[in-house]
Amino acid sequence: MNSPFPKSSSAAGEGKIIARLQPDGVSGLETITYQYPLKLISPSKPAEDKSVLVFFLSYGGGLVGGDQVDLSIQVHPQAKLTIVTQGHTKVFTSTKPDIVTRQTLRAQVASGGALCLLPDPVQPFAGSVYEQTQIFKLAKDASLCLLDWVTQGRSARGEDWSFVRWLGRNEVWTLPGDDDSGGRLLVRDSLILDSAQAHPQMKTLRESMHAIGIMGTLILRGPLMKSLGDFFLAEFAALPRIGARDWRSENAKKAEVIEGLSAAETWRRDRLKMEKDSGLLWSAALVRGCVVVKFGAPEVEAGRIWIGSMLVQEGSIDEIFGDHAP
Amino acid sequence: MSQSQHGRAISDEAQAIENEIADLERRLAEAKLKQRQAQQQRNSTQESEPNVISFPSPSQTILHSPANHFLLLLSDSALPLGSFAFSSGLESYLAHNKPSSFSPSPSSSKPPRTKPPPPSFTSFLPLSLSSYASTTLPYVLAAHRDPARLASLDDTLDATIVCTVGRRASVAQGRALLSIWERSLSASLPPSSSASAGAAAAAAAILKPFSALLRSAGAAAPTSSSSSVNSSTSTSTGSSSGWNDPPPVSAHLPPLFGAICALVGLSLEQTAYVYLLSHVKALVSAAVRAGMFGPYQAQKTLARRQVQEIIAAVVEREWERGVEEAGQSVPVMDLWVGRHEVLYSRIFNG
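All values derive from a computational prediction rather than experimental measurement.

## Details of the overall build of chain A
A tally of regular secondary structure across chain A gives six helices and 18 strands. Computed over its C-alpha atoms, the radius of gyration of chain A comes to 21 Å, within 12% of the 20 Å expected for a compact globule of 326 residues. For chain A, the C-alpha atoms occupy an extent of roughly 70 × 55 × 40 Å along the three principal directions. The proportion of buried residues among the 326 residues of chain A is 54%. Intrachain contacts of chain A at a sequence separation of at least 6 include 75% that bridge at least 24 residues.

## Observations regarding unusual backbone geometry
Cis peptide bonds are those with omega within 30 degrees of zero, and the linkage from A:Tyr36 to A:Pro37 qualifies with 5°. You can see A:Pro37 is positioned in the loop between strand E2 (27–34) and strand E3 (38–41). Although it is not a glycine, A:His210 adopts a positive phi angle of roughly 55°. Mapped onto the elements of the fold, A:His210 is located in the loop between helix H1 (205–208) and strand E16 (214–221). Residue class for A:His210 comes out buried when judged on its relative accessible area of 10%. Positioned with a positive phi, B:Ser88 is a non-glycine residue whose angle comes to about 50°. Within the secondary structure layout, B:Ser88 lies in the loop between helix H3 (66–74) and helix H4 (90–96).

## Brief notes about the nonpolar core
Counting 128 residues, the largest nonpolar core has A:Ile73, A:Leu81, A:Leu115 and B:Leu276 as the members making the most contacts within it. If one sorts the elements of this core by residue count, helix H5 (residues 121–145) of chain B sits on top with 13 residues. With residues near it in sequence (within four places) discarded, A:Leu81 still touches A:Ile17, A:Ala19, A:Leu29, A:Ser51, A:Val52, A:Val54, A:Ile73, A:Val75, A:Ala114, A:Leu115, A:Cys116 and A:Phe321. Grouped together as the second largest cluster of nonpolar side chains are 40 residues, A:Leu53, A:Ala114, A:Trp149 and A:Phe295 included.

## Things to note about helix H10 (residues 268–289) of chain B
Taking 1.5 Å of rise per residue, the 22 residues of H10(B) would be expected to cover 32 Å, and the 32 Å separating its terminal C-alpha atoms lies within 8% of that figure. B:Gly291, located one to two residues past H10(B), shows a positive phi value of around 80°.

## Points about the environment of B:Gly166
Residues and elements named next belong to chain B. By secondary structure assignment, the location of Gly166 is in helix H7 (residues 164–185). Sequence spacing of Gly166 and Arg26 is 140 residues, and the spatial spacing of their C-alpha atoms is 50 Å. In contact with Gly166, not counting residues within four places along its chain, are Ile161 and Val337.

## Section: the interface of chain B and chain A
Counting from both sides, the interface comprises 68 residues of chain B and, opposite them, 59 residues of chain A. Carbon and sulfur atoms make up 61% of the area that chain B and chain A hide from each other, which totals about 5400 Å². Where chain B meets chain A, there are five salt bridges. With a closest N to O distance of 2.7 Å, A:Arg184 and B:Asp155 form a salt bridge. Where chain B packs against chain A, one counts 15 residue pairs in polar contact (both at pLDDT 80 or more). Looking at the side of chain B that touches chain A, the elements with two or more residues in it are H4, H5, helix H6 (150–160), H7, helix H12 (305–318) and helix H13 (331–338) of chain B. Residue composition of the side of chain B that touches chain A, by class: 29 nonpolar, 25 polar and 14 charged.

## Quick notes on the pairing of E2(A)
All names here are of chain A. Pairing geometry for strand E1 (residues 14–21) and E2, over seven bridges, is antiparallel. Across the sheet, the residue bridging to Lys16 is Thr33, located in E2. The hairpin turn running from E1 into E2, its antiparallel successor, is five residues long, and Gly25 in that turn takes a positive phi close to 85°.

## Some points on the packing of helix H4 (residues 263–278) of chain A against helix H5 (residues 300–314) of chain A
Residue and element names in this part refer to chain A. Two numbers describe how H4 lies on H5: the axes approach to 11 Å, and their chain directions differ by 165°. By the angle between their axes, H4 is roughly antiparallel relative to H5. Where H4 crosses over H5, the two elements pack in a sense that is left-handed. Contacts between H4 and H5 involve Ala264, Trp267, Arg271, Met274, Glu275 and Ser278 from the former and Ala302, Ile305, Trp306, Ser309, Met310 and Gln313 from the latter. Here the residues of the contact of H4 with H5 are counted per class, giving seven nonpolar, three polar and two charged.

## What about the sheet that holds strand E15 (residues 185–194) of chain A?
All names here are of chain A. Ordered in space as E2-E1-E6-E9-E12-E14-E15, the seven strands form an open sheet in which the pairing is mixed. One side of each edge strand has no neighbouring strand; the edge strands of this open sheet are E2 and E15. For this sheet, the mean inter-axis angle between neighbouring strands, taken without regard to orientation, is 5°. One ladder, built from six bridges, connects E1 with strand E6 (residues 68–75); its direction is parallel. By the bridge assignment, Ile17 is partnered in E6 with Ile73.

## Description of the pattern of salt bridges
Taken as a whole, this structure holds 29 salt bridges over all chains when the rule is applied. B:Asp155 is the salt-bridge partner of A:Arg288, the closest N and O atoms lying 2.9 Å from each other. With one member in each of two chains, A:Arg288 in the loop between strand E17 (281–287) and strand E18 (290–297) and B:Asp155 in helix H6 form a pair that bridges those chains. Both residues of the pair, A:Arg288 and B:Asp155, belong to the buried class. Residue B:Glu318 pairs with B:Arg317 through a salt bridge whose shortest N-O separation is 2.7 Å. Each of A:Arg184, A:Arg288, B:Asp155, B:Asp158 and B:Arg167 takes part in salt bridges that share partners, so that together they form one network.

Cut-offs and rules
- Residues numbered from 1 in each chain as written.
- Chains lettered and ligands numbered in written order.
- Predicted model: local features only at pLDDT ≥ 70, side-chain atom pairs only at ≥ 80, totals over all residues.
- Heavy atoms only, no water.
- Helix = DSSP H or I, 4+ residues; strand = E, 2+ residues; numbered from the N terminus.
- Rg over C-alpha atoms; globule rule 2.2 N^0.38 Å.
- Buried < 20%, exposed > 50% of the residue type's maximum accessible area, 1.4 Å probe, protein only.
- Contact = heavy atoms within 4.5 Å.
- Core = buried A, V, L, I, M, F, W, Y, C linked by side-chain atoms within 4.5 Å.
- Expected span 1.5 Å × (residues − 1).
- Buried area = accessible area lost by both parts, 1.4 Å probe.
- Salt bridge = Lys/Arg side-chain N within 4 Å of Asp/Glu carboxyl O.
- Polar contact = N/O pair within 3.5 Å; in protein donor to acceptor, adjacent residues only side chain to side chain.
- Nonpolar A, V, L, I, M, F, W, Y, C, P; charged D, E, K, R; others polar.
- Pairing = 2+ DSSP bridges.
- Axes fitted to C-alpha atoms, helices over the stretch in contact; angles between N-to-C directions.
- Parallel < 35°, antiparallel > 145°, perpendicular 65-115°, else oblique.
- Left-handed = near helix turned anticlockwise from the far one by under 90°.

Okay, here's the thing in structure tokens:
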């Protein structure tokens, strides 16, 4: 299972993507295979694309109870691969709590390579049981942009963290044999959302989520993501202090409007207003060479707008991977 | 054997085991009853002969148990871990959930889908315990079960605390505990000739190289009062948070606590209980200093049956969870703790 070279006769739900830099200097796919219920599509594209794009899909637009998807990804030196989805990954209700729907992703990125994973959020339906494991092994100069987010379910149907269980684990490792240190865990980000209460006096899952409708994590690593990582750290450091008061006089505030703000300042002002109005909370930290951003918002759309705004404003994702971002 | 026969055989076997358990329980109950009756008889004969005063001799296991002694030391709030500097997100939780008195935006027309309840300690405590246990208790248990894994558990845990403030709190208290161990506790371990033979030697074999590794990393221990006001840059948060390779060990509290408790002879259950109770005590003390309630209410909260039951329940929940499966059960806690940095006024360091 750990082998980067699975047998050619792949099992249900297995898929494999190998991206390689072609002689013309453009990233291309050496291999792309998949088995039902997994579906991978790489649209034909103009040759000047900065990265090769793959749609990570499933038949029926979601995973039915008991589905097992197992995707292995290899990015060769200097190659760039972008993986996106089309719409939420729905996780349908399991008929029994012991029927687990699983999605596993193992990726290896070689030196100078880059992997960008910008899927839509996972939307677990009421009664679903889902476990997602994503393991990334990165060579010393490899880069990774990973977005992983989960919603409360179909809010229009009143679902509000109504699933049985949702386990999500993201791991970033150094590639073994890369230097003297062999295969070290850099970041492990795990969520355990379980409807089972250890004690009746403890909070239910819904109460524990504290009126948040979407929870997301962005993990950035590597030379190509340094600028974006620094951007998040700087924006976090520049957040207005909670509980601080604006002591400026009305005239001073007006003067600011008249004198005008730079484009970046205007953007930040609008973004901060949006954060405040939508109740979006976020934080960023530099952890063992990775920037980890966490965000949560009452409304799914607010989370989507916020992360999109951050990525577009900074611009690295467009610049490095092309205009594939959601 | 057909499948249905096979199934029947299994259910017969299960029935037999159940019968056996019921029988054993019945016999235990009978034996206990006899014991009680005998005791009552003894007591009544003593009362009838007032000139023969006989007290039961003191329990040697309690009076002469080094484990019991260390249990009390390690559960003491006077243990100088510097826990008082941190509120584990309580201060940030209060700031984030304050009824917005002077920041209503006129354009926030859409009310939130469901309003979170107003902030209260009784809401925060179970959330905090659940989160603290699911993220760190597996590391305490694993280090207690095998103290030799201390360094690797510490490195793995360092990879899982993905927030600056949480890292600071964990490392500050872990390094404080390591210092207490080195300067204070380790000298009092029983010599290797005594009953708990080899404890001192085992401890030396594990903790000496660990602290050597910590020193070699050149990681100067950040004191709990080290201020890193308004900064989320790498310099403020210890060397494990930079863009560079992380140091070999960081000295987080959970694995050190588990290993040291094992070395002084605390049972796994005692260790887990003291670990979580200390967290509750730190929270309650933070709540007192944050002005949420006074000292009597604090003791009342600590004494509550509910607190005992929740601690027991989360210990049982985490008992078999491997460190690979540890994770955040209250994701919003990461936001509160992480955003402690952006509070305007703070009385805690985390």
